[in-house]
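So you can see what is in the structure, the chains are spelled out below.
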Amino acid sequence: MDRAKPFDIPKREVWEAYKRVRANQGTAGVDDQSIADFEADLTNNLYKLWNRLSSGSYHPPPVRRVEIPKGEGGTRPLGIPTVADRIAQTVAKRYLEPLVEPCFHPDSYGYRPGKSALDAVGKARQRCWRYAWVLDLDIQNFFDRIDMDLLMRAVRKHTDCPWVLLYIERWLQAPVQMADGSLVARERGTPQGGVISPILSNLFLHYAFDIWMTRNHPTIPFERYADDAICHCRSEAEARALLTRLETRFAECGLTLHPDKTKIVYCKDDDRRGNFPDHKFDFLGYTFRPRLSRRRTGFGVSFSPAASGEALKSIRQTVRHWKLHQRSDKTLDDLARMFNNHIRGWINYYGRFYKSALYPTLRRIDLILARWAHRKFKSLRRHKRRTYHWLSHIVGRQPDLFAHWRLLYGRGRAMGAG
């Protein structure tokens, strides 16, 4: 019976955690077991996992290390747990989240129920209009440098549940398996990619940054999404003083602000004169800078966000990888079904603010669709101009076929028009 186990973990919780992991999918860990493989013997696998968790004998396997490219160049290390370990971490997360969530700061947006990156971007936009200066913070290698002792101290402030504390410590100490199969022990950090990592990193920065800011600088608002944060200041002097204090604060917590990427930015617009070296910053895939915008009195320069150059470059790279022009075996309807979810996601995220910045990148999709049609249909091969007339006719007849068509051409604008 469940009561005979040292830890009272209901079987129902393991089942609910499995359903969450299954919905999120994900790749295999060090055991090469996919979700489909795990489900081949689902009842036994879930029972064994529950039994080990409840008896205290569960030990997380190593985390598989993969490198994913970063938009600005280089790579970011991700740690991929096994399917069973993702389920186990989800069990712990489901226990811990209701305890810590009510305590988190309202301007902490990352990985929280009911909050999103776009909420953070929108709030930053409003505050950049009210405050002339921004301190753009970049914590160097944050996830790899989290102090485990300080993190466990933060966890204990919210729970004394023995099995939660036991397994979080084990997850923090689980080794990393590198691409060559070697194991690397960890003494600091929590690997990006783990189910439990976002809530633990939020908890760490809640005490290292959010609460500290509220206590020491209550008049300086901020937005934080995981380890990405910006602070709004009234003057350059206030921003410089805050930077000095934050460097000391983060050092006390075992962290370092990146000397090149952390910067002070002047939020210049029509009402703010003067020169300053930095007039822009990136935040959550958006670049904030002075832009020509419609205002109540006409057009003017406003400090506003739009999709960043790196984000647009990433979209273009993804579209190239689709190799649309080579898919002559597909119909136009097939291509729309295959790729509309991607296109719709980009529009929903990067089209929220200053959406016209997205238009040239979306038009590239149509250029490639024209190349596709040129190769597929013999009647179009001799005349490129006819290809664009053909595609323009399809746009007019079926404006909702591709997710971006109504956005670009919905008000009678012809293909190629601005």
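Reference entry: report on the structure contained in this document. The shown structure was predicted, so the numbers you read here are calculated from the model rather than taken from an experiment. (Residues numbered from 1 in each chain as written. Predicted model: local features only at pLDDT ≥ 70, side-chain atom pairs only at ≥ 80, totals over all residues. Heavy atoms only, no water.)

The next point concerns the side chain of His158. Summarising the element assignment, His158 is placed in the loop between helix 7 (148-156) and helix 8 (162-173). Residue class for His158 comes out buried when judged on its relative accessible area of 16%. A polar side-chain atom of His158 sits 2.7 Å from a polar atom in the side chain of Tyr207. (Helix = DSSP H or I, 4+ residues; strand = E, 2+ residues; numbered from the N terminus. Buried < 20%, exposed > 50% of the residue type's maximum accessible area, 1.4 Å probe, protein only. Polar contact = N/O pair within 3.5 Å; in protein donor to acceptor, adjacent residues only side chain to side chain.)

Before going further, it helps to examine the pattern of salt bridges. Tallied over the full model, the rule gives 16 salt bridges. Measuring nitrogen to oxygen at the nearest pair gives 3.1 Å for the salt bridge that ties Asp107 to Arg127. Residue Asp107 is located in the loop between helix 4 (83-100) and helix 5 (117-130), and its partner Arg127 is located in helix 5; the two are separated by 20 residues in the primary sequence. By relative accessible area, which is 9% here, Asp107 ends up buried. By relative accessible area, which is 10% here, Arg127 ends up buried. In this structure, Glu252 and Arg249 form a salt bridge, with 3.6 Å as the shortest nitrogen-oxygen distance. Of this pair, Glu252 and Arg249 both sit in helix 10 (residues 236-252), 3 residues apart, which is roughly one turn of the helix. Accessibility expressed as a relative area gives 54% for Glu252, which makes it exposed. A cluster of three or more residues bridged by salt bridges with shared partners is formed by Arg12, Glu16 and Lys19. (Salt bridge = Lys/Arg side-chain N within 4 Å of Asp/Glu carboxyl O.)

Across 2 bridges, strand 1 (residues 63-69) lies against strand 4 (residues 176-177) in parallel orientation. If you follow Arg64 over to strand 4, its bridge partner there is Gln177. (Pairing = 2+ DSSP bridges.)

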